[in-house]
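The primary structure of each chain is shown beneath.
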Amino acid sequence: MRPLGTAVDPHHPRFVNAASRLAGQVEQLHELAALARLGGPEEARAKHVQRGKLLPRQRVESVLDLGTPFLELSPLAAHGMYGGEVPGAGCITGIGTVRGRLVTIIANDATVNGGTYHPVSVTKSLRAQEIAERNRLPCLFMVDSGGAFLPLQSEMFADREHGGRMFYNQARMSSKGIPQIALVMGSCTAGGAYVPAMSDEVVIVREQGTIFLAGPPLVLAATGERVSAEELGGGDVHARVSGVADHLAEDDSHALELARGIVENLPPAGRPLWERKKPVEPAHSPSELHGILGEAAPDPREVLARLLDASLLEPLETAGAPEVAAGFARLVGHPVAVAAAFGALGTAGARLVARLVELAGERRLPVVFLAAAGEAGEAGRVEAMAALMDRVARLSSPLVSVIAGPTAGAAHVALSARSLGARFVFAWPTAAISATGMGVGPENGPIDPLHATARIFDDGLVDPATTREVLGLALEATRRSDYRGRNP
Ligand code: COA
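**Student:** Summarise the site of the ligand; cite the residues concerned and give the values.
**Tutor:** As a structural note, the neighbourhood of the ligand is formed by 13 residues, with Arg51, Asn113, Gly146, Ala148 and Leu150 the closest of them. A distance of 3.2 Å separates an oxygen atom of the ligand from a polar atom in the side chain of lysine 47. A distance of 3.4 Å separates an oxygen atom of the ligand from a polar backbone atom of asparagine 113. Out of a free accessible area of 860 Å², the ligand has 50% covered by protein chains. Residues that form the shell around the ligand fall into these classes: 5 nonpolar, 6 polar and 2 charged.

Shown next, in the form of structure tokens:
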């Protein structure tokens, strides 16, 4: 391994200015995330708490092992959509540790329009399920939802990747031995009723959780019969009569403790695909990425020097491709094949990354891409890009990508790998996506990072300075998936 040096002077006024510009963007990101984390309006939160329920984030925190991190996915989902009234798309998804085991959590936020599903809530939930399935992570649903947000039902009910897909995913995961656990902590109406019904093991909270296809008002309208929610489909009914629920909990805390017990008793997770060593901090501070990314043409070696363990890389020869740095390294202890592309990705660069991916596949190593790459108008490029996309699409080992800056055309498709089967795709606030081949600029109508993350084109925007932690958790989440076949 060779040490990646640096030519950066962090005290240079140009560097300092660039760093403070990006720090401002990151600050804005933190503010937006903090607002989204609050959930619904204050009155809705107060009503929720008065009912004796824990807020959804408290539920997630309480179920996780103390002091362990939560890799939240798409925290800014639905940002700027639906009149700005659906923070986080009304649900929390992510990966965390329960009794030492990584699980995917999908939790409705009932303080946001009664926890109803908007179209992006469906996309966000399906993406969390996809991540769970590909990485063989048990799913823990915390259900508290009024089902479909009816005014928008036409956009999320009838098609293949709409609401019904959640049940298909549950059935498939269950059949593959990926456990499905549901905690019914509030309303499970209509479509929502099938999330627990399709789960392997279900906990319901007494006098709080309800499961029915139509609530008491509809029963009254249809039959004239007055019935309480508890009588119609409460904890007692489902734990003692219908058989939908396996455990009756006294309150949220009890349900979460039962969930921890259920996870503890699951069959063990798969064997790790690779050995993880003790992580070593980079020799150059990741916080300097803020200044480096502010440069007109960031050097990919400078970027890798601030992400890789001990800033060490075993590089592949990059002659003819100065826009690419690629090779083998450790990232937060994980062995990785890593490629950073900053600039117009030419024929030699595309061939180099394709070679790296091929080697990673042969060696069963995970791949990490950092992409800020546009198109280069060069002879032979179409063939080289097609070969790169082919290698990425056929890769069986996990791929995690970061959209690190402007990406365009086939370089975006190949290196973000969003549509080629990346296990996780994160983006930096410097990201911008454009379909046009010859560069990115406002004249080409690029997609800005907030627009993209709101619609789940990625799994979340991250601060470049904390990207190591995010990548470390993402790689850990992929480490016990089975190594079979290619990406779906
Ligand atoms: N579609 C659209 N809006 C819905 C909704 C739905 N399915 N369910 C709830 N909402 C809205 C309510 O109109 C209310 O909006 P407002 O704050 O603008 O008045 C908000 O969500 C909160 O609902 P509210 O009934 O005040 O809260 P609650 O906590 O007392 O009850 C539910 C929540 C989900 C139990 C209850 O609203 C309910 O039963 N909704 C109908 C569920 C249903 O029939 N779904 C069928 C889907 S296929």
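**Student:** Now, about the environment of alanine 19: what can you tell me, with residues and values included?
**Tutor:** For alanine 19, the position within the fold is in helix H1 (residues 13–38). Judged by relative accessible area, which is 18%, alanine 19 ranks as buried. Between the C-alpha atom of alanine 19 and that of proline 3, which follows or precedes it by 16 residues, the distance is 24 Å. Discounting residues that sit within four places of it in the chain, alanine 19 has contacts with His290 and Gly291.

**Student:** Describe the nonpolar core, listing the residues and the values that go with them.
**Tutor:** Judged by nonpolar contacts, the single largest core of 46 residues is most densely connected at Leu345, Phe369, Leu388 and Leu415. Leaving out residues up to four positions away in the same chain, phenylalanine 369 has contacts with Ala339, Val353, Val357, Val392, Leu399, Val400, Ser401, Val402, Ala414 and Leu415. In this structure, Ala325, Phe424, Trp428 and Ala477 belong to the second largest nonpolar core, which totals 40 residues.

About the criteria used
Residues numbered from 1 in each chain as written. Predicted model: local features only at pLDDT ≥ 70, side-chain atom pairs only at ≥ 80, totals over all residues. Heavy atoms only, no water. Near = heavy atom within 4 Å. Polar contact = N/O pair within 3.5 Å; in protein donor to acceptor, adjacent residues only side chain to side chain. Areas by Shrake-Rupley, 256 points an atom, 1.4 Å probe, with all protein chains shown as cover. Nonpolar A, V, L, I, M, F, W, Y, C, P; charged D, E, K, R; others polar. Helix = DSSP H or I, 4+ residues; strand = E, 2+ residues; numbered from the N terminus. Buried < 20%, exposed > 50% of the residue type's maximum accessible area, 1.4 Å probe, protein only. Contact = heavy atoms within 4.5 Å. Core = buried A, V, L, I, M, F, W, Y, C linked by side-chain atoms within 4.5 Å.

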